[in-house]
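Next come the chains, spelled out residue by residue.
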Amino acid sequence: MHGRPRKAPKPEDEAASSAKAQKLRALQTQFFSFHHNKIYTKEAVELSAKLLEINPESYTAWNYRKLAVEHYLNLPDCNPDSIKSVLDDELRVVENALRQNFKSYGAWHHRKWVLSKGHSSIDNELRLLDKFQKADSRNFHAWNYRRFVAESMKRSEQDELKYTEDMIYANFSNYSAWHNRSVLLSALFDKKAEGFLLKEKVLPEEYEFIHQAIFTDPDDQSGWFYHLWLLDQTVTTDSPLLASSWPGHGSDVLLVGDRCYNGSAFSPFSALHSDSGSFPIVLYFNQPVRGVNSSTVTVECGFNKNEDLLWKPLSASNSQTARVWVAHLKVSSSDLHSTVEVSVGHTKGIISTRGFEYSHPSMLSFKVHVQPMERDSSQVSVAESISLREENFKVYGKQSEESIIDSFDQLIIKNGHETTASNWRFEALAKEIECFRELLSLVDCKIGKLTLARLLKAYDAMSYPFANKLVHSEEVLELYSDLMKLDRTHYQFYKDERSIVLLQKYKDSVSSAICGPICLRLNNLSLSRMGAFEKLLWVQMLDLSHNELQSIEGLEAMQLLSCLSLRNNKLRSLTALEPLRKLKLLRILDISYNQIGDHSIDTTRYVCSSPLSHSVGSELNRDETVTSDVALINNWEAFYIFKDFNLNQLDIVGNTIADEKFKSVLVKIMPKLKQLDGKLLD
Amino acid sequence: MDDIPPYPPIDPTTFDLIVIGTGLPESIIAAAASTASKSVLHLDPNPFYGSHFSSLPLADLPSFLSSHSTSPSPPRSPSSDDPNEFSLLEFATRPLYSSIDISTFSPNLDQHSRKFNLDVAGPRVLFCADKSIELLLRTGTNQYMEFKSVDATFVGDNKGNLWSVPDSRAAIFKDKSLGLVEKNKLMRFFKLVQGHLAGEQDVKISEEDLQSPFVDFLNKMGLPPKIKSFILYAIAMADYDQEDTGVCRDLLKTKDGIDQLALYNASIGRFQNASGAFLYPIYGQGELSQAFCRRAAVKGCLYVLRMPVTALLVDKDTGCYKGVRLASGQDIFSQKLILDPTFKVTLPLGSSPPLPLKEKLPFFSLKDDKGKIARGICITKTSLKPDISNFLVVYPPRSLFPEQVTSIRLLQIASNLAVCLPGMFVLYISALCNDDDQGKKLIHAVMNTLLTVPLDSESNAAVQSETAEIGSAVQDETSESSSGGPSDSGEEKPTLLWSALYSQELTLGQVDFICSTPMPDGKLNYNDLIDTTFKIFQEIYPEEEFFPETSLENPEVDGDASPET
């Protein structure tokens, strides 16, 4: 079935196929007339069978047969025997059709439908499947159907697991069999079936099994695919965890009412400018969750229970599932010093996308200090041009580095309970790392390098709360650099992965990059992608200039950002800026010297995680009064992106799109804008 | 064969070709010559087909072996005063088997003698893609036979363990005894060979490597000793220790090694219902000779069994071959003659041959420069491996004892191939050797590793080991010396019910004054024998094609050649 070269049709084949088409046309005409006139006589039904035998793809004919069966079952004189014979007839037609085309969706579906009517022996199905799966062991239709049959028969997962094992032993290049194995194991884990209670018992055996395939033939992809699933099972904890938060546990937050920073006395406090007297609380989970609300997360500020606090998911899609959740807490200006306690998950309801409950209730507490407004200086700040120039970083860079690292560490939530239970995860990863180092000593293998890089990354990430250093980051970087050279077609993917490691490492090494508790410079690092957001929640001023970013996905998590430079990157469209819409505090943005407008087709739309999740424009018509302004209609993307911004200052020069006309549109969209490309606006 | 039945006269009395003996090479030549429209008379003194390639009932095997073990009786009084113009050269049988030991530990086996079909030339299998299968398919001879798959190959050690041979991708994956690194190296080696055979440019094996010893190439590939041994002896089926050039008489070149791997690789999965690389015919290997005889008969070859031939008729003046005199006294003439290796020609006592013949006779002696092969047949009631009944075991050189210089092969065949009583198993063992003692030692080493030899026949052994008749044969000192290791723990070894041990001369085919076919060789399959057979045919009929491509309707009847499971 696989790997057979296609042959060009011979003249006689073409003649045969046109003869077949001729015959088919006649049959089809006849069939449609029966169908439209709802004729379900024996002859009519037989005709449809004939048609399906030639062309199993004829959906209408399958549906017609369903109607015919229903028609028959509703006849007053039908009895169990005749019903059985009708249904057996259907099964026979399906079997013939499958012989014609083993991969006919319609035929497989019809078979399921017939079986759902009951009356037929399901044992037969397993025998039939054994025959079909012997003929084409990788056919996913057959495997799909097998799962259906196994479920209807209540066949045990263990038996099916044995079957996949036999199939894999016959030929391990079988995605379907490996996939079925992962499905069965997941089900057994979920059920906590006998012998499958503990992943640490089962997974090492599975690793052992897959190693046989990978080492025997590293070029075969099906094994790697299963290995990736195992790695995911090893790394991902079942129940979601809180990875970090802002403010961190035990930290101090200084709220100042304007842009004049004079809080050196408060170091190592996190100082935040808040005009409205409210500040965000950000919760960063290790996997997307739903159900974060005022009952699952309670926030107590002094004696106030903020029961009406609104938690919003931060994700590119509009789904109610996200890794990052944010709520804005308003502190009454009368309390200059107050303690906030956030408890997460004491009430059930936070659930991961895989359906696991958040089960490690945790508590954060931090202090909030409010500095009274100094109204007179607010005027100055507006007029003054604030930019991400060297001087500014220097200004903010006076803090001693130790204190920065201390406060930085407070972001990490320590989940003692989970870590003691996950020693086996460490061991499994360590073993895998050793194993793949060995493989790479034998063969030069791209997927092997990638897997080793993934393993090392996972190991570092898991050990992070204990070790302050990412011990493997140099090796991982080297692996990705290697891969970028070896495999040019996936260059960008490796570069993106490498960027994230680079970021982790960069922040990890105590460097001058952190210029203060609020500023971070990550310029000139050849980053092509941003990551490690869970460790960057505290950043208010971020310099990402002179990198190779094409996307800033995930940046929405950095809720405190007020000043962002994306100067000299490779952003290709306005829609790439979508994460910024969620940054309510962003005031200063530099997107100059990018490639916005270079490409008439916005490819970011096609690379987003799911085309269905792409939300551009979906809310546009709902809550916006349709404007009659032609300029706005022609620039609806700009309108969509920028309309919610509260920018004071924007640099967009050096992009193809940024002509005078466009700039005038921007000014219209953002009436609050004070400065565009360094020019003060009226 | 003392009471010779009355022989019917043969008519006609002149043929293009007379073939004496129905061994496989003779049968193939008879079939090929008949196909080439030659008139052929095919004679065999035995009452069965197959000669040295036959499968015999239990009771008949010892008598067949011993009848070919004695030196030729002095020719009867010459009837040289023949009135004809011919000289008579008497035929005598050559001793081809020696050191025959038959041991019976289960007295009632003889009652079921006919339920057994024991191969004289075992162990032997057909590779699914070898020349014998090609020949069977090409000639349609496969329609007279049925095969079953030999399911696996193992490598044995001196502890009685049988390690499965990772001979395919799936087998490497499944193998529990190989480490991950070994798996990777072995699979990469297979891929290299496959790539080389497929003519991929970037994986070509250099000409220099191809001409070098295979074992050096395997070393160069960094294969660990265990895998090297698997490849050399259990896949490439090398006979001699490849790593000891002192004793190795047949050092495999990389080129030949690769060819062997290619054959093995092409054999696996060739037929849908054959799981392994080998096939074995139902009713035993003797079926092959018989099938070719049927093929010949269909094309008009005349068959007469139980017909001894007493003398060769040669022209008195020229010394040229004219015909043969049968035991019935009838003289039959032909242009060509093919002789079974059993026969040799002796001069009548006191007569001097015609001058021209004198010159030719020195060449007419069978060459046996290839030494001997020790063979053993054992019958047991339990399989050597519990879950599998038909399989091959290879004991690489030095795997059983340090002085073992040749591979020993063992083939277990179960009753589902109709070779023995239901529930029993026949083990065929063979090894190349220089002399009978060395051969016995090799066969005993395997038997002692794998089988329990009943001790109650000790007294018999003492009495009967002198006479080489039915009785015990397993010398006590040998059994003690090699089974003394700490190996007798674990599972019960199968008990020996019956065994036959013998040495066989290795004679080559010959195409001199008279063409003579070879004895069964020491190989596992028939490839070399078919090559020799083809050469002999070409020699006698240089103008004729060896089984020309016919318009047989079923040249691709895979289903027929493959076993029924």
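In what follows, the structure referred to is the one given above.
Notes on the structure in this doc start here. (Residues numbered from 1 in each chain as written. Chains lettered and ligands numbered in written order. Predicted model: local features only at pLDDT ≥ 70, side-chain atom pairs only at ≥ 80, totals over all residues. Heavy atoms only, no water.)

1. What to know about unusual backbone geometry
Selection criterion: Starting at the N terminus, helices and strands are each numbered in turn, a helix being any DSSP run of H or I of at least four residues and a strand any DSSP run of E of at least two. Only protein chains enter the accessibility calculation, which uses a 1.4 Å probe. A residue is then buried if its area is under 20% of the maximum for its type, exposed if over 50%, and partly exposed in between.
For the peptide bond that leads from aspartate 11 of chain B to proline 12 of chain B, omega is 5°, which places it in the cis range. Mapped onto the fold, proline 12 of chain B is located in the segment before strand 1 (14–20). Glycine 122 of chain B connects to proline 123 of chain B through a cis peptide bond whose omega is -5°. Mapped onto the fold, proline 123 of chain B is located in the loop between strand 6 (118–119) and strand 7 (126–127). Positive phi, normally seen in glycine, also occurs at lysine 38 of chain A, with a value near 55°. With respect to the helices, strands and loops of the structure, lysine 38 of chain A is situated in the loop between helix 1 (11–36) and helix 2 (42–54). Given the relative accessible area of 61%, lysine 38 of chain A is considered exposed.

2. Some remarks on a nonpolar patch on the surface
Heads up, the condition is: For patch detection, residues must exceed 30% relative accessible area and be free of salt bridges, and they are connected within 9 Å for like charges or within 5 Å for nonpolar side chains (Val, Leu, Ile, Met, Phe, Trp, Tyr). Here, Shrake-Rupley sampling with a 1.4 Å probe gives the accessible areas, and only protein chains in the shown set may cover a residue. One speaks of a salt bridge when a side-chain nitrogen belonging to Lys or Arg is within 4 Å of a carboxyl oxygen belonging to Asp or Glu.
Together, Tyr59, Tyr105 and Phe140 of chain A make up a nonpolar patch on the protein surface, roughly 350 Å² of accessible area in all. Among the structural elements, tyrosine 59 of chain A can be located in helix 3 (residues 59–73).

3. Observations regarding the pattern of salt bridges
One pass over the full model with this rule turns up 46 salt bridges over all chains. With a closest N to O distance of 3.2 Å, lysine 495 of chain A and glutamate 548 of chain A form a salt bridge. Taken together, the residues lysine 495 of chain A in helix 19 (residues 491–508) and glutamate 548 of chain A in the loop between strand 13 (541–543) and strand 14 (563–565) connect sequence positions 53 residues apart. Salt-bridge contacts for aspartate 331 of chain B lead to arginine 325 of chain B; the nearest nitrogen and oxygen are separated by 2.7 Å. Linked through salt bridges whose partners overlap, the residues forming this network are Asp217, Asp219 and Asp220 of chain A together with Arg169 and Lys191 of chain B.

4. Quick look at the interface of chain B and chain A
Here is the rule we go by: In this analysis, two residues are considered to be in contact whenever any of their non-hydrogen atoms come within 4.5 Å of each other. Simply put, the buried area is the total loss of 1.4 Å probe accessible area from both parts when two parts are fitted together. The definition of a polar contact used here is a pair of N or O atoms within 3.5 Å, where within protein one atom must be able to donate a hydrogen and the other to accept one, and adjacent residues in sequence count solely through side-chain atom pairs. All residues other than Ala, Val, Leu, Ile, Met, Phe, Trp, Tyr, Cys, Pro, Asp, Glu, Lys and Arg, Gly among them, are scored as polar; the first ten of these are nonpolar and the last four charged.
With 15 residues of chain B in contact, the opposing surface of chain A contributes 22 residues. Sorting the residues of chain B by area buried against chain A places Arg169, Phe173 and Leu180 of chain B first, and these three jointly supply 48% of that buried surface. Put simply, chain B and chain A have 4 salt bridges between them. The salt bridge partner of aspartate 220 of chain A is arginine 169 of chain B, with a shortest N-O separation of 3.2 Å. Connecting chain B to chain A are 9 residue pairs in polar contact (both at pLDDT 80 or more). For the side of chain B that touches chain A, the secondary structure elements donating two or more residues are helix 4 (169–174) and helix 5 (180–197) of chain B. Partitioning the side of chain B that touches chain A into residue classes produces 6 nonpolar, 1 polar and 8 charged.

5. As for the packing of aromatic side chains
What counts here: Pairing of aromatic rings covers Phe, Tyr and Trp, the last counted by its six-membered ring, and requires centre-to-centre distances within 6.5 Å; plane angles under 30 degrees mean stacked, over 60 mean edge-to-face, and any other angle means tilted.
Enumeration according to the criterion identifies 40 aromatic pairs over all chains in this entry. With centroids separated by 4.6 Å and ring planes inclined at 35°, the aromatic side chains of phenylalanine 172 of chain A and phenylalanine 173 of chain B adopt a geometry described as tilted. Taken together, the residues span two chains, with phenylalanine 172 of chain A in the loop between helix 8 (157–170) and helix 9 (175–191) and phenylalanine 173 of chain B in helix 4. What makes phenylalanine 172 of chain A buried here is its relative accessible area of 1%. Taken together, Tyr169, Phe172, Trp178, Phe209, Tyr226 and Trp229 of chain A together with Phe173 of chain B form an aromatic cluster joined through their ring pairs.

6. Considering the environment of serine 99 of chain B
Residue and element names in this part refer to chain B. Tracing the chain through its elements places serine 99 in strand 5 (residues 97–104). Counting along the chain gives 405 residues from serine 99 to glutamine 504, while the straight-line C-alpha distance between them is 9.0 Å. Among the polar contacts listed, one links the side chain of serine 99 to the side chain of lysine 440, at a separation of 2.4 Å.

7. Here's the deal with the state of the cysteines
Note on terminology: disulfide describes a covalent bond linking the sulfur atoms of two cysteines. Residues and elements named next belong to chain B. Here is the rule: Any cysteine sulfur atom paired with another within 2.5 Å is treated as part of a disulfide.
Going through the model one piece at a time under the given rule, you end up with 0 disulfides over all chains. Looking at cysteine 515, it has no disulfide partner, and the nearest cysteine sulfur is the one in cysteine 320, 14 Å off. The class of cysteine 515 is buried, set by a relative accessible area of 6%.

8. Section: the packing of helix 3 (residues 131–139) of chain B against helix 10 (residues 286–298) of chain B
Residue and element names in this part refer to chain B. For clarity, the threshold we go by: Convention adopted: a line fitted to C-alpha atoms gives each axis, helices being fitted over their contacting stretch, and angles between N-to-C directions are expressed from 0 to 180 degrees. By the definition adopted for this analysis, an angle is roughly parallel if under 35 degrees, roughly antiparallel if over 145, roughly perpendicular if from 65 to 115, and oblique otherwise. By definition, any crossing whose near helix is turned counterclockwise from its far helix by less than a right angle is left-handed, and any crossing with a clockwise turn is right-handed.
Contact pair helix 3 / helix 10: the axes reach a minimum separation of 12 Å and the direction vectors enclose 30°. Between helix 3 and helix 10, the interaxial angle falls into the category roughly parallel. With respect to the hand of their crossing, helix 3 and helix 10 are arranged in left-handed fashion. In contact with Leu135, Leu136 and Thr139 of helix 3, helix 10 contributes Leu288, Phe292 and Arg295. Across the contact of helix 3 with helix 10, the residue classes break down as 4 nonpolar, 1 polar and 1 charged.

9. Section: the sheet that holds strand 13 of chain A
All names here are of chain A. Under the convention used in this document: At least two bridges found by DSSP between two strands are what make those strands a pair.
The 7 strands lie next to each other as 12-13-14-15-16-17-18, forming an open sheet whose pairing is mixed. Each edge of the open sheet is held by one strand with a lone partner, namely strand 12 (519–521) and strand 18 (679–680). Sheet topology places strand 13 next to strand 14; 3 bridges connect them, and they run parallel. Within strand 14, the residue paired with methionine 541 across the bridge is cysteine 563.

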